[in-house]
Amino acid sequence: MPHSPASSRSVAFDDFVLARSAGLLRTAYLLTHDHALAEDLLQTALAKAWFAWERIDQHEAYVRRILVTTYATWWRRRWNGEHATDELPEQGGTPDQAEAVGQRHDLWAAMERLPRRQRAVVVLRYFEDLTEAQTAQVLGCSVGTVKSQTSKAFAKLRIDPSLAPSPRTSLPETETEDRS
């Protein structure tokens, strides 16, 4: 029995979801930094993509764009208080491990303070390893906009007080002798 157009669309969509949902969920998580919101965001994006599936050529780029635009337009206010977790923090880790965890937390806290578009550019370029052109395509903007948003995001991250080097992690200052 031949497949109907609707069932072939369903098969193609199902294959795409099976093959790419883990990567897309990672992108959603990097944007939201919350597992539940990331799952909601991905589900919303996939539901939106389903309706246009036969009309689009580059499925992954299209779904990534939906992820970013949906994330940017969500009206929900993010709660920045405590977050429940299934795992307890590592106990008795080495100071280097504890410091790395602290630095990672500080980085994500700083990333959450970036405007959504700047955060999206940083996530797509440096966590998802997309080129400037691919990032521009996903965001629906020019390569120049990607470059400027990246520059602005990095400028904000550079001056973020939570990312300032601690005395322990900063490079030692060298003393210069006056030999006059």
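These numbers come from a predicted model, not from an experiment.

Caption draft 1: Local environment of the nonpolar core. The biggest cluster of nonpolar side chains holds 38 residues, and the ones touching the most others in it are Leu31, Leu41, Trp53, Val63, Leu67, Val68 and Met111. Among the secondary structure elements, those contributing two or more residues to this core are helix H1 (5-32), helix H2 (35-52), helix H3 (59-73), helix H4 (95-113), helix H5 (116-127), helix H6 (132-139) and helix H7 (143-159).

Caption draft 2: Examining H2 more closely. For H2, which comprises 18 residues, the first-to-last C-alpha distance of 26 Å matches the rise-based estimate of 26 Å (1.5 Å per residue) to within 8%. Among the residues of H2, Leu37, Ala38, Leu41, Leu42, Ala45, Leu46, Ala49 and Ala52 are the ones counted as buried. Down the axis of H2, the smallest arc covering the buried residues is 165°, so these residues share one side. Facing away from the buried surface of H2 by more than 90 degrees, the exposed residues are Gln43 and Phe51. The residue sitting at the N-terminus of H2 and contributing the capping side-chain oxygen is Asp34; that oxygen lies 3.1 Å from the backbone nitrogen of Ala36.

Reading the values: rules and limits
- Residues numbered from 1 in each chain as written.
- Predicted model: local features only at pLDDT ≥ 70, side-chain atom pairs only at ≥ 80, totals over all residues.
- Heavy atoms only, no water.
- Core = buried A, V, L, I, M, F, W, Y, C linked by side-chain atoms within 4.5 Å.
- Buried < 20%, exposed > 50% of the residue type's maximum accessible area, 1.4 Å probe, protein only.
- Helix = DSSP H or I, 4+ residues; strand = E, 2+ residues; numbered from the N terminus.
- Expected span 1.5 Å × (residues − 1).
- Arc of directions from axis to C-beta.
- Polar contact = N/O pair within 3.5 Å; in protein donor to acceptor, adjacent residues only side chain to side chain.

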